[in-house]
Amino acid sequence: MAAEMALLKPISFRPESNSAATSTRAIFGLKATTKPPTYARCFPRMSAGAATPPKGKPASKKGKTAIKETLLTPRFYTTDFDEMEALFNTEINKNLNMKEFEALLQEFKTDYNQTHFVRNKEFKEAADQMQGPLRGIFVEFLERSCTAEFSGFLLYKELGRRLKKTNPVIAEIFALMSRDEARHAGFLNKGLADFNLALDLGFLTKARKYTFFKPKFIFYATYLSEKIGYWRYITIYRHLKQNPEYQLYPIFKYFENWCQDENRHGDFFSALLKAQPQFLNDWQSKLWSRFFCLSVYVTMYLNDCQRTAFYEGIGLNTKEFDMHVIIETNRTTARIFPAVLDVENPKFKRKLERMVEINTQLSAVSSSDDPAFVKNLKKIPLVAALVSELIAAYLMPPIESGSVDFAEFEPQIVY
């Protein structure tokens, strides 16, 4: 959900020293039984960095350090819960079709994946076989994925708690989605144990700062996050099913059912948006829809292009994979958002490529040994160029879309 924030700052990407890797683990309360490997950041989730504790304040116990919040850190979110309660109050909002939400609730209660996330001995065996940079890649994958899932769990859990009196049906759906996110985070955290690590989720909850988003922005961003997650997972699953020689770790075998949780979550948010027509039927909605699409797509593309080692490790071409995910997500999003980007226009791809070039130059400046003021001077024309490309992409003629009947959004399994 923090994807749009990447529009303001380039991604820092460079091989880390052992001390830097140790600091990263300290952020999450991780304990390494062996010397952490030196490796580049490879997983396409937003990264977190460690900050040196202020003078006079000792570091936390068990190797935990303060967290330096950057524009690309996986954010934990909060919102205006009073406004949320008003939106889902059936006395105030007559657009709420509770029969439809009750049908969605039954879908979540069915809990199709209740017995899906069961581990076996393949996990530990695969982890033990990974060495060197490849091992670091998968550790990073598990760390970032677990953090992102846990962030969703916290938001959904709080929404379920706060809406319990106002709208029990909506509240229970949020509670069940938090169940899904907790299950995912726990499964990923158990994967870290295969690498002799553990993510301290309690420490993470207390240490992280929470970013405020208005409810409508939560709806836009979370819908996109869930749907793009679906397309990423199902694409990786299909690829590895056809190319089993790249199945380096068994967690990918679970992606087929896993992605259906993401899909159901996205369908729920599409229903929420349809129940709030003011978020879909005016000119401001069109502008915000395009903004969030651009933010999510650009962030994913820039992140992934700097982390090609992960995708190459499982036999994927990073840019082809990303464009496939962007196009499919955009087509899905066009069913609910009032306007989307024309991502299949070759000009859009060329702009993404130009942004990658600029971001690479910005990263090189950031990692140089120049004094801070010199770095800032060098960044000015590059930041201007990046902003120019972003604005040009945003101003491309959009595709008018959305506003179909809710009946077309009945829960369904999509592969």
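How each quantity is defined
- Residues numbered from 1 in each chain as written.
- Predicted model: local features only at pLDDT ≥ 70, side-chain atom pairs only at ≥ 80, totals over all residues.
- Heavy atoms only, no water.
- Helix = DSSP H or I, 4+ residues; strand = E, 2+ residues; numbered from the N terminus.
- Buried < 20%, exposed > 50% of the residue type's maximum accessible area, 1.4 Å probe, protein only.
- Contact = heavy atoms within 4.5 Å.
- Areas by Shrake-Rupley, 256 points an atom, 1.4 Å probe, with all protein chains shown as cover.
- Expected span 1.5 Å × (residues − 1).
- Bend = angle between axes of the 7 residues up to and from the residue.
- pLDDT = per-residue confidence, 0-100.
- Salt bridge = Lys/Arg side-chain N within 4 Å of Asp/Glu carboxyl O.
- Axes fitted to C-alpha atoms, helices over the stretch in contact; angles between N-to-C directions.
- Parallel < 35°, antiparallel > 145°, perpendicular 65-115°, else oblique.
- Left-handed = near helix turned anticlockwise from the far one by under 90°.
- Nonpolar A, V, L, I, M, F, W, Y, C, P; charged D, E, K, R; others polar.
- Phe/Tyr/Trp six-rings, centres within 6.5 Å; stacked < 30°, edge-to-face > 60°.
- Lys NZ or Arg CZ within 6 Å of the ring centre and 35° of its normal.
- Core = buried A, V, L, I, M, F, W, Y, C linked by side-chain atoms within 4.5 Å.
- Lys, Arg positive; Asp, Glu negative; His and termini not counted.
- Patch = residues over 30% accessible without salt bridge, like charges linked within 9 Å, V, L, I, M, F, W, Y side chains within 5 Å.

Quick notes on the overall build of the protein
Part 1 of the reasoning: A count of helical and extended segments in the protein gives 14 helices and 6 strands.
Part 2 of the reasoning: Within the protein, the fraction of its 415 residues that count as buried is 54%.
Part 3 of the reasoning: In the protein, once contacts between residues fewer than 6 apart in sequence are set aside, the share between residues at least 24 apart is 83%.
Part 4 of the reasoning: As displayed, the protein has an accessible area near 18100 Å², and 54% of this comes from carbon and sulfur atoms.

Some thoughts on helix α14 (residues 372–394)
Part 1 of the reasoning: Over its 23 residues, α14 extends 31 Å from the first C-alpha to the last, a length consistent with the 33 Å expected when each residue adds 1.5 Å.
Part 2 of the reasoning: At lysine 379, α14 is bent by approximately 35°, the largest bend along its length, and proline proline 381 sits one to four residues beyond.
Part 3 of the reasoning: Within α14, the full set of buried residues consists of Lys375, Leu382, Leu386, Glu389, Leu390, Ala393 and Tyr394.
Part 4 of the reasoning: Considering only its buried residues, α14 is in contact with α10 (283–305) and α13 (346–366).

Let's talk about the confidence of the model for the protein
Part 1 of the reasoning: Looking at the protein as a whole, its pLDDT mean stands at 81, while 78% of the residues score no less than 70.
Part 2 of the reasoning: Here residues 1–73 scores under 50 on pLDDT; set against residues more than four positions off or in separate chains, the count is 185 contacts.

Considering the pattern of salt bridges
Part 1 of the reasoning: Considering all chains together, one arrives at 21 salt bridges under this definition.
Part 2 of the reasoning: A salt bridge links glutamate 85 to arginine 162; the shortest N-O distance between them is 4.0 Å. Of this pair, glutamate 85 sits in helix α2 (residues 81–87) while arginine 162 sits in helix α5 (residues 132–162), placing them 77 residues apart in sequence.
Part 3 of the reasoning: For arginine 161, the salt bridge identified is with glutamate 158, shortest N-O distance 2.6 Å. A residue pair is termed a helical-turn pair when its members lie 3 or 4 positions apart in one helix, as arginine 161 and glutamate 158 do in helix α5 at 3 residues.
Part 4 of the reasoning: Taken together, the shared-partner salt bridges connect Glu85, Glu158, Arg161 and Arg162 into one network.

Points about the packing of α5 against helix α6 (residues 168–193)
Part 1 of the reasoning: Following both chains from N to C, one finds α5 and α6 inclined at 160°, their axes separated by 7 Å at the closest point. Taken together, the axes of α5 and α6 lie roughly antiparallel to each other. Like other packed secondary-structure pairs, α5 and α6 cross with a definite hand, here left-handed.
Part 2 of the reasoning: Counted by class, the contact of α5 with α6 contains 15 nonpolar, 7 polar and 4 charged residues.

Some points on the packing of aromatic side chains
Part 1 of the reasoning: By the definition in use, this model includes 43 aromatic pairs.
Part 2 of the reasoning: If you follow arginine 290 out to its NZ or CZ, it ends over the ring of tyrosine 394, 4.6 Å from the centre.

Remarks on the nonpolar core
Part 1 of the reasoning: Phe101, Phe174, Phe219, Tyr249, Ile251, Phe252 and Phe268 are the most contacted members of the largest nonpolar core, which has 115 residues in total.
Part 2 of the reasoning: For this core, the leading source of residues is helix α8 (residues 215–242), giving 15 residues.
Part 3 of the reasoning: Discounting residues that sit within four places of it in the chain, phenylalanine 268 has contacts with Phe101, Leu104, Phe108, Ile170, Ile173, Phe174 and Met177.

As for unusual backbone geometry
Part 1 of the reasoning: A positive phi angle is found at aspartate 111, which is not glycine, with a value near 55°.
Part 2 of the reasoning: Relative to the helices and strands, aspartate 111 resides in the loop between α3 (98–110) and α4 (122–129).

Points about the side chain of glutamate 389
Part 1 of the reasoning: Counting through the fold element by element, glutamate 389 comes out in helix α14.
Part 2 of the reasoning: Salt bridges are absent for the buried glutamate 389, whose nearest opposite-charge side chain, arginine 354, sits at 4.2 Å.
Part 3 of the reasoning: Filtering out sequence-adjacent residues up to four positions away, glutamate 389 remains in contact with Lys351, Arg354, Met355 and Ile358.

A short note on the packing of α10 against helix α12 (residues 318–333)
Part 1 of the reasoning: Closest axis-to-axis distance for the α10/α12 pair is 10 Å, and the angle between their directions is 165°. With respect to each other, α10 and α12 are oriented roughly antiparallel. Pair α10 / α12 crosses with right-handed handedness. Along its contact with α10, which presents Cys293, Tyr297, Met300, Tyr301, Asp304 and Cys305, the element α12 presents Thr318, Lys319, Phe321, Asp322, Met323, Val325, Ile326, Thr329, Asn330 and Thr333.
Part 2 of the reasoning: Looking at the contact of α10 with α12, its residues break down into 9 nonpolar, 4 polar and 3 charged.

Regarding a nonpolar patch on the surface
Part 1 of the reasoning: Taken together, the side chains of Val383, Val387, Ile391 and Leu395 make up a nonpolar region of the molecular surface, amounting to roughly 330 Å² of accessible area.
Part 2 of the reasoning: By the element assignment, valine 383 lies in helix α14.

Looking at the environment of valine 340
Part 1 of the reasoning: As for its position among the elements, valine 340 is in strand β5 (residues 339–340).
Part 2 of the reasoning: Beyond its immediate stretch of four places on either side in the chain, valine 340 contacts Arg290, Cys293, Asn330, Thr333, Ala334, Pro398, Ile399 and Ser401.

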